[in-house]
Amino acid sequence: MITLTESAKSAINRFISNADKPTAGLRIRVEGGGCAGLKYSLKLEEQGLDGDQQVDCGAFTVLIDDASAPLLDGVTMDFVDSMEGSGFTFVNPNASSGCSCGKSFAC
């Protein structure tokens, strides 16, 4: 399934601890859009949905819908904090190409 680096887990824990509402987990999904055709979408969820695949990350759970699961198989998610900006990055072995911003891909 998906692998999160310690930096990504730490960032997600920060976002969850600052959330206004109780959080069941982080939803990671792939949807149409972006420069290359597909993009990653991240959202804190108050509850999971029927059929979600769940990845236990200790302090939180990652929620993945069935349509996104094959596109996220083998993905490594990291959080980078640099002078150029901060944000989540993805290394996706399923992607046949990507855009220069690293936020979208094609399969």
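Everything numeric here is computed off the predicted structure, so don't read it as measured data.

1. What about the pattern of salt bridges?
- A complete count under the given rule lists six salt bridges for this structure.
- A salt bridge links Glu-46 to Lys-21; the nearest nitrogen and oxygen atoms lie 3.6 Å apart. Of this pair, Glu-46 sits in the loop between β3 (38-45) and β4 (53-56) while Lys-21 sits in the loop between α1 (6-17) and β2 (25-32), placing them 25 residues apart in sequence.
- Overall, the relative accessible area of 52% leaves Lys-21 in the exposed class.
- A salt bridge links Arg-27 to Glu-45; the nearest nitrogen and oxygen atoms lie 2.9 Å apart. One end of the pair, Arg-27, is in strand β2; the other, Glu-45, is in strand β3, with 18 residues separating them in the sequence. Here Arg-27 matches Glu-45 in class, with each residue buried.
- Within the structure, one salt-bridge network assembled from shared partners comprises Arg-27, Glu-45 and Asp-52.

2. Regarding α1
- Taking 1.5 Å as the rise per residue, α1 with 12 residues should run 16 Å; its terminal C-alpha atoms sit 16 Å apart, in good agreement.
- Next to the buried residues of α1 lie β1 (3-4), β2, β6 (76-82) and β7 (85-91).

3. Considering the sheet that holds β6
- Pairing is mixed across the open sheet formed by three strands, whose spatial order is β1-β6-β7. The open sheet has two edge strands, β1 and β7, and neither has a second partner.
- Judged from the seven bridges that link them, β6 and β7 form a sheet pairing that is antiparallel. Its bridge partner being in β7, Val-80 is matched across the sheet by Gly-87.
- Contacts between α1 and the sheet are confined to β1, β6 and β7, with β6 contributing the most and set at about 75° to the helix.

4. Quick look at the pairing of strand β5 (residues 61-64)
- Taking every second residue as pointing to the same face, both faces of β5 are buried, with Thr-61 and Leu-63 on one and Val-62 and Ile-64 on the other.
- Bridging between β2 and β5 involves two bridges; their strand directions are parallel. Of the residues in β5, the one forming a bridge with Arg-27 is Leu-63.
- Relative to β5, β4 is paired through four bridges, and the arrangement is antiparallel. The partner of Val-55 across the bridge, within β5, is Val-62.
- If you look at the hairpin formed by β4 and β5, you'll find four residues sitting between the two strands, and Gly-58 has a positive phi there, around 85°.

Cut-offs applied
Residue numbering note: each chain is counted from 1, following its sequence as written. Note on the predicted model: pLDDT of at least 70 is required for a residue's local features to be given, and 80 or more for side-chain atom pairs to be given and counted; whole-chain, interface and lining totals, by contrast, use all residues. In computing side-chain values, all of the structure's heavy atoms are included and hydrogens and water are not. In the sections that follow, a salt bridge refers to a side-chain nitrogen of Lys or Arg positioned within 4 Å of a carboxyl oxygen of Asp or Glu. Helix and strand assignments come from DSSP, with helices taken as H or I runs of at least 4 residues and strands as E runs of at least 2, each series counted from the N terminus. Accessibility here uses a 1.4 Å probe with only protein chains present; expressed as a share of the type maximum, an area under 20% marks a residue as buried, one over 50% as exposed, and anything in between as partly exposed. Every helix has an expected span of 1.5 Å times one less than the residues it contains. Whether two residues are in contact is decided by their heavy atoms, any of which lying within 4.5 Å being enough. Two strands qualify as a pair provided that DSSP identifies no fewer than 2 bridges between them. Between the N-to-C directions of two axes lies an angle of 0 to 180 degrees, each axis being a line fitted to C-alpha atoms and, for a helix, fitted only over the stretch in contact.

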